[in-house]
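Chain by chain, the residues:
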Amino acid sequence: MPDKRKFHTVRGVRDILPPDSSLWNWFEATARDVLESFNFREIRLPIFEETELFARSVGLETDIVSKEMYTFHDPLDVEQAIKSVLGHGLDPTKVHLGSDASTSTSQIWDFLNKFESLTLRPEATASVARAYIENGMHTQPGLVKLYYAGPMFRRERPQKGRYRQFYQIGAEVLGTSDHPAIDAELIEMLTVLLERCKLGNWTLLVNSIGDPNCRPAYVELLREELRKVKDQLGQDSQRRVETNPLRVFDSKVPEEQALITNLPKITDHLCDACRQHFDDLRRQLDLRSIPYTHEPRLVRGLDYYMRTTFEITSTHLGAQNALAGGGRYDGLVEMLGGPPTKGIGFALGEDRFIEVIQAAGQISASSVGRPLDAFIVWMGAESYPAATRLARRLRGDGLCVELPAEEPKLRKALSLAERLGARFAIIIGENEIKTGVFAVKRFADGKQENLAEADVASFLRTSAPVANEAEAKTPQT
RNA sequence: GUGAGCGUAGCUCAGCGGCAGAGCAUCGGACUGUGGCUCCGAGGGUCGGGGGUUCAAAUCCCCUCGCUCACCCCA
């Protein structure tokens, strides 16, 4: 008896179906086009890495590393390891969950962590830094400008605009220079992409969070100020006062907002070098005519950020309103064992971009998807060979063609073609085989022409552009 | 991990103690070489799952699972 169990996606992941997938493909192609026009080149990275890479770069205390990573051990490696432990006369029950009250979960983790631990990437900057070091990319001439695209994984509770498998496109600039023009051009690149997506309702927020010279003193100052008003803070914020005072700025508790506004701003406590860098960044944005808001409360969550941080938010989204975010991470490569290297990058959330593009309504799956150019209706077994020849010819000419496998009734075939969105139906039956001309019917106005096989392709192509009809009609903004 | 809302056909939902429903979609027919319209018909259900109350439960009660949104945090 067949098992009637229905399989479904696991929590927080989803299918992306046609026609939506057309919009995704369009967005990815557009992003690639923009990034490559700034001379960025794609780096294809693995989906999983050693757990240690993310722990060290993203930061042990971050939510991402402490509770959101999909970490696993190769089962065969673990089996091997257990056997080797047994070979040393150790008690196997000591490593069996629940078999012994003295074996705690953390002890089991300690045991497992002696063996290679792997993690589905929660972000990709760490991988880029690893690849930069591993491949000796510091010997390449000039700046190393890379971009990546693909899925990331974080085990968070899903909500609007947040998924456990989500898609990011990111760009990174690595090398010996930390000139603010690099930061500004990276941001400019993002604004160009926003324009190409015909998005208007976005805001650029920028800030500087200092560097290891000036930030520790500021964090201490902030902590002292927060302690003075601790009893007015909620539980979450009270905890952060001790663990990570900067995070208090992220609070959305309404009662805390007034308090937060009056806290000392990090940009008032930067060292001279950081202050200069931030001032120059703003000048660089001005000379590019990029509107921005200085948001002193913008502190990014990942440990490796320093100096420049920025974020693009959209009013079209729900609570998860960040479309893209990034910042400078000058110490990261060296911390991972590479040469002293400056770095800056951003990641944008594809899921969120797609949502905003759809909400804006300027670009849609139907306007960027590939249309079905021709539906071939054939009648009678003797016409099928001619139909297959025609289909091959049209497809070879770059057209999208549907050829029914079974002989259809004419009325039903035309009905199906119309519902599939075909631009034309090409009718091949006894009459057409005799005369050698095909009836080509245009659905838009119902007009029909008789054409020789050799003329069909050019007729289909010239009578209407193949793709992006709707986009071409939309005035440039 | 916490809170709230919601689970009935592929989709959107009605029904809220008494035979499991509608619209849309799908398939077939009217209609044998000309689509859209119209009409007729068909298929499709563990009413999320389990337990309880009752002569009788989609409906009332309890538990559980799932989804959505929000918190936390982030793209």
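Look a little higher up for the structure.
Residues take numbers from 1 onward in each chain, read along the sequence in its written order. Each chain is given a letter, starting from A, and each ligand a number, starting from 1, according to the order in which they appear as written. With the structure being a predicted model, the display of local features is reserved for residues of pLDDT at least 70 and the display and counting of side-chain atom pairs for 80 or more, all residues being used for whole-chain, interface and lining totals. Side-chain descriptors were evaluated using all non-hydrogen atoms of the structure, hydrogens and water having been removed beforehand.

Caption draft 1: Summary view of the protein's contact with RNA strand B. Around RNA strand B, 46 residues are found, and the nearest of them are Arg154, Arg162, Arg240, Arg247 and Arg300. One nitrogen or oxygen atom from the side chain of Arg11 is found 3.3 Å from a phosphate oxygen belonging to RNA strand B. Here Glu432 contributes a side-chain N or O atom positioned 2.7 Å from a base nitrogen of RNA strand B. By definition, any uninterrupted DSSP run of H or I lasting at least four residues is a helix, any uninterrupted run of E lasting at least two residues is a strand, and each is numbered from the N terminus. Breaking the surface near RNA strand B down by element, the ones donating at least two residues are strand S6 (165-175), helix H9 (235-243), strand S10 (322-328), strand S11 (342-349), helix H16 (410-419) and helix H17 (430-435). It is H16 that provides the largest number of residues to the surface near RNA strand B, a total of seven residues. Taken together, the residues that form the surface near RNA strand B break down as 11 nonpolar, 13 polar and 22 charged. Throughout, the term near means that a residue has one or more heavy atoms lying within 4 Å of the molecule or strand in question. Polar contact criterion, stated in full: a pair of N or O atoms within 3.5 Å, where within protein one must be able to donate a hydrogen and the other to accept it, and residues adjacent in sequence count only if both atoms are side-chain atoms. Residue polarity is assigned by list, with Asp, Glu, Lys and Arg as charged and Ala, Val, Leu, Ile, Met, Phe, Trp, Tyr, Cys and Pro as nonpolar; anything else, Gly included, falls into the polar class.

Caption draft 2: Main features of the packing of helix H8 (residues 215-228) against H9. Every angle, taken between N-to-C directions, lies between 0 and 180 degrees, and every axis is a line fitted to C-alpha atoms, over only the stretch in contact when it is a helix. Between H8 and H9, the least distance of the axes is 9 Å, while the angle of their chain directions is 145 degrees. The two elements H8 and H9 meet at a crossing, and its hand is left-handed. Residue-level contacts link Arg223, Leu226 and Arg227 of H8 to Val241, Glu242 and Thr243 of H9. Counted by class, the contact of H8 with H9 contains two nonpolar, one polar and three charged residues. Take the far helix as the reference: if the near one is turned anticlockwise from it by less than a right angle, the crossing is left-handed, and if turned clockwise, right-handed. Contacts: residue pairs with any heavy atoms within 4.5 Å of one another.

Caption draft 3: View of the packing of aromatic side chains. Working definition: a ring pair exists when centres of Phe, Tyr or Trp rings (six-membered ring for Trp) sit within 6.5 Å. Plane angles under 30 degrees give stacked, over 60 give edge-to-face, the rest tilted. For the structure shown, the criterion picks out seven aromatic pairs. With centroids separated by 5.0 Å and ring planes inclined at 35 degrees, the aromatic side chains of Phe27 and Phe353 adopt a geometry described as tilted. Placement of Phe27 in helix H1 (residues 20-37) and of Phe353 in helix H13 (residues 350-360) is noted, with a sequence separation of 326 residues between them. Of the two residues, Phe27 and Phe353, neither departs from the other in class, the shared state being buried. Geometrically, the ring pair formed by Trp378 and Tyr384 is tilted, given 4.5 Å between the ring centres and 50 degrees between the ring planes. Classification of Trp378 by relative accessible area gives buried; the value is 6%. Among the residues examined, Tyr384 registers a relative accessible area of 31% and is labelled partly exposed. When the NZ atom of lysine or the CZ atom of arginine is within 6 Å of a ring's centre and also within 35 degrees of its normal, the charge is said to sit over that ring. Over the ring of Tyr163 we find Arg14, and its NZ or CZ is 4.0 Å from the ring centre. Note on exposure labels: buried denotes an accessible area under 20% of the residue type's maximum, exposed denotes more than 50%, and partly exposed covers the range between, all computed with a 1.4 Å probe on protein chains only.

Caption draft 4: Main features of H16. Every buried residue of H16 is listed here: Ala413, Leu414 and Ala417. Along H16, the residues classed as buried sweep out an arc of 95 degrees about the axis, all on the same side. Away from its buried face, by an angle of more than 90 degrees, H16 presents the exposed residues Arg411, Lys412 and Arg419. Here the buried face of H16 lies against strand S12 (374-378), strand S14 (424-428) and strand S15 (437-442). Taken from the residues just after H16, Gly421 is the one with a positive phi, measuring 85 degrees. This arc corresponds to the set of directions leading from the helix axis out to the C-beta atoms.

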